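Understanding the architecture of this molecule
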Amino acid sequence: KAGVTQTPRYLIKTRGQQVTLSCSPISGHRSVSWYQQTPGQGLQFLFEYFSETQRNKGNFPGRFSGRQFSNSRSEMNVSTLELGDSALYLCASSLDGLNTEAFFGQGTRLTVV
Amino acid sequence: QQQVKQSPQSLIVQKGGIPIINCAYENTAFDYFPWYQQFPGKGPALLIAIRPDVSEKKEGRFTISFNKSAKQFSLHIMDSQPGDSATYFCAARGLAGSARQLTFGSGTQLTVLP
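Below is a short write-up of the structure. Within every chain, residues take consecutive numbers counted from 1 along the sequence as written. Each chain gets a letter, beginning with A, and each ligand a number, beginning with 1, in the order they are written. Restriction of local features to residues with pLDDT of at least 70 applies here, the model being predicted, together with a cutoff of 80 or more for giving and counting side-chain atom pairs; totals for whole chains, interfaces and linings are based on all residues. Water and hydrogen atoms play no part in the side-chain values, which are based on all heavy atoms of the structure.

**Remarks on the overall build of chain B**
- Numbering of helices and strands runs from the N terminus; a helix is a DSSP stretch of H or I covering at least four residues, while a strand is a stretch of E covering at least two. A count of helices and strands for chain B gives zero helices and 11 strands.
- If you list the helices and strands of chain B from N to C, you get β-β-β-β-β-β-β-β-β-β-β.
- Our radius of gyration looks at C-alpha atoms and nothing else; its globule reference is 2.2 Å times the residue count to the power 0.38. The C-alpha atoms of chain B give 14 Å as radius of gyration, which agrees with the globular expectation for 114 residues (13 Å, within 12%).
- Principal-axis analysis of the C-alpha atoms gives chain B an extent of 45 × 30 × 20 Å.
- Burial status follows relative accessibility: with a 1.4 Å probe on protein chains alone, a residue under 20% of its type maximum counts as buried, one over 50% as exposed, and anything between as partly exposed. Looking at chain B residue by residue over its 114 residues, the buried ones come to 46%.
- In this description, contact between two residues means that some pair of their heavy atoms is separated by no more than 4.5 Å. Across chain B, contacts joining residues at least 24 apart in sequence account for 55% of those joining residues at least 6 apart.
- Computed by Shrake-Rupley with a 1.4 Å probe, the accessible areas treat only the displayed protein chains as cover when residues are assessed. For chain B, the accessible area works out to roughly 5400 Å², and carbon and sulfur atoms hold 51% of it.
- Seen as two clouds, the 11 positive and the 7 negative side-chain charges of chain B have centres 5 Å apart. When charges are tallied, Lys and Arg are placed among the positive residues and Asp and Glu among the negative ones, while His and the ends of the chain are skipped. To locate a charge, the coordinates of NZ of Lys, CZ of Arg, CG of Asp or CD of Glu are taken.

**Side note on the pattern of salt bridges**
- Definition used for salt bridges: Asp or Glu carboxyl oxygen within 4 Å of a side-chain nitrogen of Lys or Arg. The final tally for this structure, using the stated rule, is eight salt bridges over all chains.
- We note a salt bridge from A:Arg63 to A:Asp85, for which the minimum N-O separation is 2.8 Å. Residue A:Arg63 is located in the loop between strand E6 (53–57) and strand E7 (64–68), and its partner A:Asp85 is located in the loop between strand E8 (74–78) and strand E9 (87–94); the two are separated by 22 residues in the primary sequence. Per residue, the accessibility class of A:Arg63 equals that of A:Asp85, and both read buried.
- For B:Glu26, the salt bridge is made with B:Lys71, and the minimal N-O distance between the two is 3.8 Å. On the criterion of sequence distance, the pair formed by B:Glu26 in the loop between strand E3 (20–25) and strand E4 (30–38) and B:Lys71 in the loop between strand E7 (62–67) and strand E8 (72–77) is long-range, its members being 45 residues apart.
- The network of salt bridges with common partners includes A:Arg63, A:Glu82 and A:Asp85.

**Regarding the sheet that holds strand E6 (residues 56–59) of chain B**
Residues and elements named next belong to chain B.
- The five strands lie next to each other as E1-E3-E8-E7-E6, forming an open sheet whose pairing is antiparallel. Where the open sheet ends on each side, the last strands, each with one partner, are strand E1 (4–7) and E6. Strand-to-strand twist of the sheet, defined as the mean angle between neighbouring strand axes without regard to direction, takes the value 15°.
- Bridging between E1 and E3 involves four bridges; their strand directions are antiparallel. Counted as the bridge partner of Ser7 is Asn22 from E3. A pair of strands is considered paired only if DSSP assigns at least 2 bridges between the two. Think of each axis as a best-fit line through the C-alpha atoms, taken over the contacting stretch in the case of a helix, with angles from 0 to 180 degrees between the N-to-C directions.

**What about the packing of aromatic side chains?**
- Only rings of Phe, Tyr and Trp enter the pairing, Trp through its six-membered ring, and a pair is recorded when the two centres are within 6.5 Å. The plane angle decides the type: under 30 degrees is stacked, over 60 is edge-to-face, the rest tilted. Going through the model one piece at a time under the given rule, you end up with 17 aromatic pairs over all chains.
- Ring geometry for B:Tyr36 versus B:Phe104: centroids 5.8 Å apart, planes at 55°, classification tilted. Residue B:Tyr36 is found in strand E4, and its partner B:Phe104 is found in strand E10 (residues 103–104); the two are separated by 68 residues along the sequence.
- With a relative accessible area of 9%, B:Phe104 lands in the buried category.
- One aromatic cluster is present, formed by A:Tyr35, A:Phe45, A:Phe104, B:Tyr36, B:Phe89 and B:Phe104 through successive ring pairs.
- Counted as over-ring charges are cases with an Arg CZ or a Lys NZ within 6 Å of the ring centre that also lie within 35 degrees of the ring normal. In this arrangement the basic side chain of A:Arg55 is found over the ring face of A:Phe50, its NZ or CZ atom lying 4.3 Å from the centre.

**Quick word on the nonpolar core**
All names here are of chain B.
- We call a set of buried residues a nonpolar core when its members are Ala, Val, Leu, Ile, Met, Phe, Trp, Tyr or Cys and they connect through side-chain atoms within 4.5 Å of each other. In this structure, Val4, Phe33, Trp35, Phe73, Leu75 and Tyr88 are the most contacted members of the largest nonpolar core, which totals 24 residues.
- For this core, the secondary-structure elements that each account for two or more residues are strand E2 (10–14), E3, E4, strand E5 (45–50), E7, E8, strand E9 (86–94) and strand E11 (108–113).
- Among the elements that take part in this core, E9 stands out by supplying four residues, more than any other.
- For Val4, the residues in contact, after removing those within four places along its chain, are Cys23, Ala24, Tyr25, Phe30, Phe73, Cys90, Ala92, Thr103, Phe104, Gly105 and Ser106.

**Details of the side chain of A:Asn77**
All names here are of chain A.
- Its location among the elements puts Asn77 in strand E8.
- When its relative accessible area of 17% is taken as the criterion, Asn77 is described as buried.
- Each polar contact in these results corresponds to two N or O atoms within 3.5 Å; when the atoms are within protein, one needs to be able to donate a hydrogen and the other to accept it, and residues that are neighboring in sequence are counted only if both atoms are side-chain atoms. Within the structure, the side chain of Asn77 is placed 3.0 Å from the side chain of Thr20, a separation counted as a polar contact.
- With sequence-adjacent residues up to four places away left out, Asn77 is seen in contact with Gln18, Val19, Thr20, Arg63, Phe64 and Ser65.

Take a look at the structure:
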């Protein structure tokens, strides 16, 4: 069974640009959550999608957005990139996001220059 | 109230030693407590998890101890090996509202010396 797949693995963007990251969950999993990992702030929750609907949202500015497609694949978008957005972006999939285990992808390393 | 406090920040043990990592939480709505292991350049991997209806869970060399009244839980790694050198994160999750997403501790960098 394939794990959680995130693409691309690495990205370098310039301040002010926007970026889209992709996450394909484990087959059959309907919940996808996104996290930002930085050395200073650790792992912070961005948002969760279930059945194409955002079900939960963390404390991030509106520049961070996401969506989920009917096949449960999810994308997150960051607009007007800032240097502080440099981080490892992780997605986690679970069957229902409520009472089941969450499995992480390898992440997308975003560097903003 | 959403915080999960993890200690120590770093830990060095000799091969065969038993490193112990501790976590404490405040939100009584949390009812699921997983531990993740992360190697450099990789995403966190689920190691072991516990629910508050049991006080201890063992899986191989990894044991979680859970103290519901103190709102604390810990990870013990028996017979630690150099390959266990990684960063370990505790986490907590509830069933409703803002507690439903995983809230992570700050991580513990474990080094097991050969």
